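Spelled out from the first residue to the last, the chains are:
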Amino acid sequence: MSIFTRPARRTGSASAVRKRIGESVAQRLESNPAIKKAQITSAQVYYYKDYLSARDCDLLVRTIDAGRRRSTLLSDSSDPNFRTSDSCDLDRWSPEIRPIDERISSLLGIPPENGETLQGQRYAPGQQFRAHHDWFSEDQPYWKDMKEQGGQRTWTAMIYLNDVEEGGSTWFPEAGIRVKPKKGLLLIWNNMKPDGSPNLSTLHEGVAVAKGTKYIVTKWFREGAWLR
Ligand SMILES: O=C(O)CCC(=O)C(=O)O
Ligand SMILES: [Fe+2]
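Residues numbered from 1 in each chain as written. Chains lettered and ligands numbered in written order. Predicted model: local features only at pLDDT ≥ 70, side-chain atom pairs only at ≥ 80, totals over all residues.

With an unreviewed UniProt entry as reference, the chain is termed Prolyl 4-hydroxylase, source organism Stakelama sediminis. One UniProt comment on the chain, placed under Cofactor (unreviewed entry), says "L-ascorbate". (UniProt positions renumbered as here; feature names shortened; annotations may be inferred.)

This is the structure we're talking about:
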């Protein structure tokens, strides 16, 4: 055994609130017979096949196509190709979106007000979302604002709205997981470690689409109320 220990990269602090959210959501997901847990120890990742009906998937695809614009990033990246998809914020008060949005919150057992706006994304061939963490780096300038707007991101729920001909997987290089888009499949993961601090192993990438178009929706949950 080496006498040297690698310096821990500072990412954020442990938190009793996030620890409790991690435990309660995991317990809820694990008691749902439709949900499968990924057999890894470095992060909590879950799958729910056929979660969203084809009708709801198609409705979201149409809504994304009607409202899409170039995706943005919270922190500046020197790489212009970091996130090249189009995005569309889906209005949680619209009678068509609301039931879908609230069903996701209640599946996880997180208050709807902790959820950010459901965001749709569309990737054409060659478009991608390079490796990133969904959690906020607490040493970045944007953290001050994020902290006041619901705080850290805890869980992520992401639904594939269509099958993609080639490419477009979601790849977790540290956790060793690669998920192929499948219409209706819901992917859920905890961005925090058991102690409530950000988990580096949740690094993930929306791999470039090779053939076809990829549509997804992502729901990011905060530790506190985001909606006010
Ligand atoms: O497109 C993907 O597969 C990943 C999307 C993603 O990471 C996100 O929306 O935060
Ligand atoms: Fe992400």
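**Student:** Is there a simple way to think about the overall build of the chain in this case?
**Tutor:** A tally of regular secondary structure across the chain gives four helices and 14 strands. Here the chain has a C-alpha radius of gyration of 17 Å; the compact-globule value for 228 residues is 17 Å, and the two agree. In terms of its C-alpha atoms, the chain occupies a principal-axis envelope of roughly 55 × 35 × 35 Å. Expressed as a percentage of its 228 residues, the buried residues of the chain come to 37%. Partitioning the intrachain contacts of the chain with sequence separation of at least 6 by distance along the chain shows that 79% fall at a separation of at least 24. (Helix = DSSP H or I, 4+ residues; strand = E, 2+ residues; numbered from the N terminus. Rg over C-alpha atoms; globule rule 2.2 N^0.38 Å. Buried ≥ 20, exposed ≤ 12 C-beta atoms within 10 Å, placed from the backbone. Contact = placed C-beta atoms within 7 Å.)

**Student:** Help me understand the site of ligand 1 in this model?
**Tutor:** All residues in the neighbourhood of ligand 1 are listed as Phe129, Asp134, Thr170, His204, Gly206, Ile216 and Thr218. Where the shell around ligand 1 is concerned, the elements lending two or more residues are strand 12 (204-206) and strand 14 (214-222). When grouped by side-chain class, the residues that make up the shell around ligand 1 number two nonpolar, four polar and one charged. (Near = placed C-beta within 6 Å. Nonpolar A, V, L, I, M, F, W, Y, C, P; charged D, E, K, R; others polar.)

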